[in-house]
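Structural characterization, general
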Amino acid sequence: MTNDKSQAAQQRTGSKPKKTAKAAQPAKAKQAPKAKQAPKAKQTAAKPQPKPKPAAAHKQPPAPASAPVPRSAAASPFDYAPAPESRSHVDLASSYGLFIDGEFAEAADGRVFKTVSPSTEEVLSEVARAGAADVERAVQAARRAFEGWSALPGSERAKYLFRIARIIQERSRELAVLETLDNGKPIRETRDADLPLVAAHFFYYAGWADKLEHAGFGAAPKPLGVAGQVIPWNFPLLMLAWKIAPALATGNTVVLKPAETTPLSALFFADICRQAGLPRGVVNILPGYGDTGAALVGHPDVDKVAFTGSTAVGKAIARTVAGTRKKLTLELGGKGANIVFDDAPVDQAVEGIVTGIFFNQGQVCCAGSRLLVQESVAEEVLDSLKRRLSTLRIGDPLDKNTDLGAINSAEQLARITALAETGEAEGAERWTAPCELPSAGYWFAPTLFTGVSQAHTVARDEIFGPVLSVLTFRTPEEAVAKANNTQYGLSAGIWTEKGSRILAVANKLRAGVVWSNTFNKFDPTSPFGGYKESGFGREGGRHGLEAYLDV
């Protein structure tokens, strides 16, 4: 194998490499038929993103008169100047096909759908929509590839994974801009959190590929076969890495369905697989809607199903897989409790609260969407929290100063809005951060509810948006009881200066991940998963290998 990038580009396009091509980018491919065009890595000029016009927060109720003054309302020498990232790092084609058996192809029935930028509502591209016939083609391609891929020594599989990880690093700026355009999250998050973690997961599992006999799953663990994987839209490329990296390291082949609102980064990853020289059929990408995922999950030649998404869909998948030989892991919803004790450093805790619920606009399964604060410090914490929320910058996600970007889709915005209105109707007191929202796109201002009881809908249901429910407690026992009073069990956070209290409380929380004096910290070496209706199985770390091994 070779790591020569111009040679990888030659494999990808079939053309001679250009002498002037940059090291991190393959040569531009020849023009392909409309639906079969592969993602291009070469930088070209692109139309600048339209600058959103400030408008009244038409999707939010007016802020109370006593609310803090928005930053934009008064001139300050410390105001941030716009710092937009250029869209020219991504060369988007007008259309993309399915990635099956190492090639881009049209859907069997010719169906397509459009993918839209959540921040501007502009159409980014047209994407082929996979159907049952395409699922059949992809699964059969993965089955054919499995024999050769699983027979490779682990050290050889590791070389491919290391190469993929390095190419992701080389193309990280391009991929970060692409993810922001297609998902709506701030460039600061895609650039500084998502992409480094994506590369880290491939590096990490590349290291495991030739050490599986030492992972604790037997002397000679074997792969399962073909893995059918369905990923969500909130972390498109990161969820892809969580699933594909351990599957390939253990010798499985993959058919992956990305979310219909964020298919582009998965298709660019398919191009990376070709650039890395990955054997044909080892990875197949099928953009589509729910019917595509259902066909993949129900296919009789799929040996392993991995799903991240809503609890309702996860239950339907469990019913489909029940009674079959398929191995299943589910990472579903959550309603994480962020517990602040009276001895916690308030400023540090407030930053953790903001990170816990407003990271990625609250569209995180393990978000700390329930704040449990001890009564004696509740007023102080809430005052500090409201001041901090009033400084958050909401707007163009490509601006490096933006704290909160756009909600992923109109459908998700409608759900968040409806649940927030339900909270008000049930008697909770709503506070919305004073801010101006762009007139185009899907936006929701940071919101918190006080006067919330455990019976309120906003305290029970997963909102999956920038909405925080605040409850109080008096004793550690009451905090634990309220934290565990949920159908979910994915995450929790504890804020206190006492190490003994952290250990005592964490041991009683029924949550898959418990953070202490921090929140939303991830690492490829650490397993992640939940209890109850948050799913079962673990992804990440040594534990993440087991789901793809016949043990």
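Residues numbered from 1 in each chain as written. Predicted model: local features only at pLDDT ≥ 70, side-chain atom pairs only at ≥ 80, totals over all residues. Heavy atoms only, no water.

Notes on the pairing of strand β8 (residues 253–257)
- By the criterion of burial, β8 is predominantly enclosed, with five of the five residues buried.
- Across five bridges, strand β7 (residues 226–230) lies against β8 in parallel orientation. Paired with Ala227 across the bridge in β8 is Val254.
- Two elements, β8 and strand β9 (residues 283–285), share three bridges in a ladder whose sense is parallel. Bridge pairing in β9 places Leu256 opposite Ile285.
- In terms of handedness, the path from β8 via helix α7 (residues 264–275) over to β9 forms a crossover that is right-handed. (Buried < 20%, exposed > 50% of the residue type's maximum accessible area, 1.4 Å probe, protein only. Helix = DSSP H or I, 4+ residues; strand = E, 2+ residues; numbered from the N terminus. Pairing = 2+ DSSP bridges. Right-handed = clockwise from strand over helix to strand, strands pointing away.)

Details of the pattern of salt bridges
- In this structure the tally under the stated criterion is 32 salt bridges.
- The partner of Asp101 in a salt bridge is Arg144, with the nearest N and O atoms 3.5 Å apart. Of this pair, Asp101 sits in the loop between β3 (98–100) and β4 (103–105) while Arg144 sits in helix α2 (residues 132–151), placing them 43 residues apart in sequence.
- Here Asp303 ties to Arg325 by a salt bridge, and the two come within 2.5 Å at their closest N and O atoms. Of this pair, Asp303 sits in the loop between α8 (290–298) and β10 (304–308) while Arg325 sits in the loop between α9 (311–321) and β11 (327–331); the two residues are 22 residues apart in sequence, bridging distant segments of the chain.
- Residue class for Asp303 comes out buried when judged on its relative accessible area of 10%.
- Note on Arg325: relative accessible area 56%, which makes it exposed.
- The network of salt bridges with shared partners includes Asp101, Glu103, Arg144, Arg274 and Arg280. (Salt bridge = Lys/Arg side-chain N within 4 Å of Asp/Glu carboxyl O.)

Digging into unusual backbone geometry
- Its identity as a non-glycine residue notwithstanding, Asn517 has a phi of 55°, on the positive side.
- Turning to its location among the elements, Asn517 is positioned in the loop between β20 (513–516) and β21 (531–532).
- Residue Lys532 is not a glycine yet carries a positive backbone phi of 50°.
- Locating Lys532 in the fold gives a position in strand β21.
- Judged by its relative accessible area of 42%, Lys532 is partly exposed.

Quick look at the packing of helix α5 (residues 187–208) against helix α6 (residues 236–249)
- Running from amino to carboxyl end, α5 crosses α6 at an angle of 5°, the nearest separation of the two axes being 9 Å. It follows from the interaxial angle that α5 and α6 lie roughly parallel. Across from Asp194, Leu195, Leu197, Val198, His201, Phe202 and Tyr205 in α5, the residues of α6 making contact are Leu237, Leu238, Leu240, Ala241, Trp242, Ile244, Ala245, Pro246 and Ala249.
- Of the residues that constitute the contact of α5 with α6, the class distribution is 14 nonpolar, one polar and one charged. (Axes fitted to C-alpha atoms, helices over the stretch in contact; angles between N-to-C directions. Parallel < 35°, antiparallel > 145°, perpendicular 65-115°, else oblique. Contact = heavy atoms within 4.5 Å. Nonpolar A, V, L, I, M, F, W, Y, C, P; charged D, E, K, R; others polar.)

So, the side chain of Glu462
- The topology assignment puts Glu462 in the loop between α13 (457–460) and β17 (467–473).
- No salt bridge is formed by the buried Glu462, whose closest oppositely charged neighbour, Arg415, lies at an N-O distance of 5.9 Å.
- A distance of 3.1 Å separates a polar side-chain atom of Glu462 from the backbone nitrogen of Gly334.
- In this structure Glu462 touches Gly333, Gly334, Lys335, Val364, Cys365, Arg415, Leu419 and Tyr488, once residues within four positions along its chain are discounted. (Lys, Arg positive; Asp, Glu negative; His and termini not counted. Polar contact = N/O pair within 3.5 Å; in protein donor to acceptor, adjacent residues only side chain to side chain.)

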